[in-house]
Amino acid sequence: MIQKKKSRAVMIAALAVSVTVAAGLSGCSSAAPTSGLGSKASGTVQFWDRSAITPWSKQVVAAFNASHKDVQVKITSINDAQLSSKLATALRTNNVPDLVTTDDVDAISYISAGQFLDLTRAIDDAKLRDVLSKPQLALATVSGKNYGTPAVLDASVLLYSKKLFAQAGIAGPPANLTEALDDARKIHALSADDYGFYFPGACSGCLAFGVMPNLYADGADLVTGDDLHAQTATVEGNESLQKTLQFYQDLWTEGLTPKAAQSDTGSGWATNFQKGNVGMAAMGLFGYTTATPEEQKDIGIAPLPGASGGISTFIGGANFGIPKKAKNAAGAWEFIQYALGKKMQELTPSGGFAPVRTDLVNDAAFKAANPIVVPGLTASVTGRSLHTLYHNQLFSVPAGPWQKMFTKAVFGGDVKGAITEGQAGFEAVLKGNG
Amino acid sequence: MSTSAVRDMSARTTAGSTRAGKRSRSTSLARRGARTGFLLTLPALVPVLALVIFPILFAIYISLNNWPLFGDIAFNGIDNYLHLGDDPLFLPAVAFTLVYTAIVTVPILVIGYAMAAFVRSNRRGAIVFRTLFFLPTVVGLSTLSFMYLIELQPDSGAANLILKWVGVTDGETPWFIHQGTALGAVCVLVIWFGGGITMMLLLGGMQAVPAELYEAAEIDGANRWQREIRITLPLVRRNIAMSLVLSIIGSFLAFQQFVILTNGNPGGSTTTVVMRIYQKAFVDQQLGAATAMGVVVMVAIAALTSIQLFALRERE
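What counts, and where the lines are drawn
Residues numbered from 1 in each chain as written. Chains lettered and ligands numbered in written order. Predicted model: local features only at pLDDT ≥ 70, side-chain atom pairs only at ≥ 80, totals over all residues. Heavy atoms only, no water. Helix = DSSP H or I, 4+ residues; strand = E, 2+ residues; numbered from the N terminus. Rg over C-alpha atoms; globule rule 2.2 N^0.38 Å. Buried < 20%, exposed > 50% of the residue type's maximum accessible area, 1.4 Å probe, protein only. Contact = heavy atoms within 4.5 Å. Areas by Shrake-Rupley, 256 points an atom, 1.4 Å probe, with all protein chains shown as cover. Disulfide = S-S within 2.5 Å. Domains from an automatic or database assignment. Buried area = accessible area lost by both parts, 1.4 Å probe. Salt bridge = Lys/Arg side-chain N within 4 Å of Asp/Glu carboxyl O. Polar contact = N/O pair within 3.5 Å; in protein donor to acceptor, adjacent residues only side chain to side chain. Patch = residues over 30% accessible without salt bridge, like charges linked within 9 Å, V, L, I, M, F, W, Y side chains within 5 Å. Pairing = 2+ DSSP bridges. Axes fitted to C-alpha atoms, helices over the stretch in contact; angles between N-to-C directions.

**Student:** Sorry if this is basic, but what is going on with the overall build of chain B here?
**Tutor:** When its secondary structure is counted, chain B shows 13 helices and two strands. Here the C-alpha atoms of chain B give a radius of gyration of 29 Å, more than 25% beyond the 20 Å that 2.2 N^0.38 yields for 316 residues. Its C-alpha atoms give chain B principal-axis dimensions of roughly 110 × 70 × 30 Å. A burial count over chain B gives 38% of its 316 residues as buried. Across chain B, contacts joining residues at least 24 apart in sequence account for 65% of those joining residues at least 6 apart. Surface summary for chain B: the accessible area is close to 17900 Å², and the carbon and sulfur share equals 69%.

**Student:** What is the right way to look at the state of the cysteines in this model?
**Tutor:** Any covalent bond linking the sulfur atoms of two cysteines counts as a disulfide. Residues and elements named next belong to chain A. Going through the model one piece at a time under the given rule, you end up with one disulfide over all chains. Each sulfur in the disulfide pair Cys-203 and Cys-206 lies 1.9 Å from the other. Across the S-S bond of Cys-203 and Cys-206 the torsion is about 65 degrees, and the bridge reads as right-handed. Exposure remark for Cys-203: the relative accessible area of 11% places this residue in the buried category. The class for Cys-206 is buried, based on a relative accessible area of 10%.

**Student:** Even after reading the chapter, I still don't get the domain arrangement of chain B, so can you show me in this structure?
**Tutor:** As a measure of interface size, the accessible area lost when the parts come together is often cited. Residues and elements named next belong to chain B. We note that the domain assignment places domain 1 (3–63) and domain 2 (85–311) within chain B. Inter-centroid distance (C-alpha atoms) of domain 1 to domain 2 is 45 Å. Buried area between domain 1 and domain 2, both sides added, is near 380 Å², and the carbon and sulfur share of it is 85%. Broken down residue by residue, the surface that domain 1 buries against domain 2 is led by Ile-56, Ile-62 and Ser-63, which jointly contribute 74%. For the pair domain 1 and domain 2, the number of links is zero salt bridges.

**Student:** Looking at this model, I keep getting lost on the side chain of B:Thr97. Mind explaining?
**Tutor:** Of note, B:Thr97 is situated in helix 3 (residues 90–119). Looking at B:Thr97, its side chain comes within polar contact range of the main-chain oxygen of B:Ala93, at 2.6 Å.

**Student:** Even after reading the chapter, I still don't get a nonpolar patch on the surface, so can you show me in this structure?
**Tutor:** Nonpolar side chains collect at one region of the surface, where B:Phe38, B:Leu39, B:Leu45, B:Val48, B:Leu49, B:Leu51, B:Val52, B:Ile53, B:Leu57 and B:Ile60 lie side by side and expose about 860 Å² of accessible area between them. Mapped onto the fold, B:Ile53 is located in helix 1 (residues 3–63).

**Student:** Is there a simple way to think about the sheet that holds strand 7 (residues 157–161) of chain A in this case?
**Tutor:** Sheets are built from strands that pair by backbone hydrogen bonding, the pairs being arranged parallel or antiparallel. Residue and element names in this part refer to chain A. Taken in spatial order, the four strands line up as 8-11-7-12 in an open sheet, and their pairing is mixed. The open sheet has two edge strands, strand 8 (195–198) and strand 12 (299–302), and neither has a second partner. Sheet twist, expressed as the average angle between the axes of neighbouring strands with direction ignored, equals 20 degrees. Relative to strand 12, strand 7 runs antiparallel, the two being bridged by four bridges. Residue pairing across strands places Leu-158 opposite Ala-302, the latter belonging to strand 12.

Structure (structure tokens):
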């Protein structure tokens, strides 16, 4: 009898402790779990944001929190370089954020590892499919299913000096690389201190961002294939690549580029252009937004031309993703829909980005109010990006085949040999032997 | 048995038991002392266990798995260790790091020693020089690297402009585009940086040398150089050993200066071993293989440090 009483007392005590602990835990975790995207959301959404887009994200979070009583978003800005390691650590535990923004190129790593929720149906239900940038949505798509949505667009564009163009008698931005080379020569002819074109020659990722659109505009690419595990290298025999590398080699050998370009690992990308003695550079809008107001007056913005004509861009920026273990997926999805609304997307230029809604491409009022985003936004329709599991090994490290090929072709003066080596290098990485 | 014999035996027994009692008391005291000592070290031991020993054991466990940054983990024994050589950049990175370490170690020690010898006295201005020599350490290697990067820019960097002004170069030298010049430039920066901290480590030892020894040597006719070689050098042996150990470990773990100044360029030829470990983990996204590299580096450094400390130990 005494034994029975004792065990009942133990059970009651255990229950009380469990309830207390559970209550305590729910108080300190993100929110009460809410099932199903699109259902009524409540609680707190823990949002990890890539630091590069935080100026925009903070505005959206502030507006969302002011207009939503039941669900609130708590934003944590995480340095871009640390995002993957922090997220990897979190994903191995049950302490994941409810929502993340990642570099859109990196999203595929999380998706292919099965870490993000399938948002295909939710995107359709919210009628977002037709208004979102298709090339950017493709970066969050595997086997026809969408595991994320675009957040903001960071499109590469051609920045040019209006003053130097006028002095050199150049009517407008070049339509292809042959014209770009001619323009660069005219600008350098003004004086020995004036240069035609700038590029950071030792920054692999920067070069991909600025140079790849010259190929994309021609419909060319260096890695092809929808099956991410069986992609092929299309380096050799790629006429657009050959023309593009020749263009950069000519810039270098003819002295149309400052000497600093060869060793620039990216730190001088914008500043060397902003000095006012460089005619053109391929980069993001940050080349404009980080300039002084006086410098900005002289900067013109145009879409990047293809090697043989046409326009294109590198679809950079950020994508949203909801981790599978998110405790408040419904709240996260509600926030995503809000952030993708026209009103919030119209705020993207304030952070140096462009919207991911295609309906804003043709919105005259928006374009008139934000002329700097128009060239990138226009080019984004035909833009592309690096849709491969090996984008880092291929395009982001100095020892990768992209940087080696560019260096050999441009600074080493051997386009043909560089392309042959590049094909072998790309193939090795795609086979997992890089 | 006579009474005296019994008394004698009793006395001996008492003496024996007293000795045994003393021995037992001292053993007990020693035990209690050891226990107290152990308890006193606990506050320091717990963090060491939690922050050093456990992470090392866990790292070894990670290295025995196919552990991607994202996705499923699978035990693969010593596969990661067996395939270290298959990584096209790991062994070149090890070789490059060894060359870099070999280049900078002796100059850091010699310059650090010279600076310490120069500022160890309380002569006028010594404090100013001490501060100037130690300034790079206070500023930090990352900040210095960024400053250095700007000053070594072709056309616009101060270093290039000065070299042009004195007629050595045309002022357009791109220092970081060839392995040799890039390595040379980084070594100059690191020697300047490392000299200051070595100076501080040696200064403590030098200032502890009793002035009487120098006075006696001077009376015996020893000149300044002889006093340095015969008195100072042997007496700062421990400090030199410590400086060398720290300098070699620091060089072997070189990271930020190369990331900022060369980022591995050209073509990955200035990639240090820690940079490669980082790339393996966060570019290739293979934590297991990266951790195996880390474990190998850790063992190599531990072995190297042991050898150094053994070679530089105080001989009685």
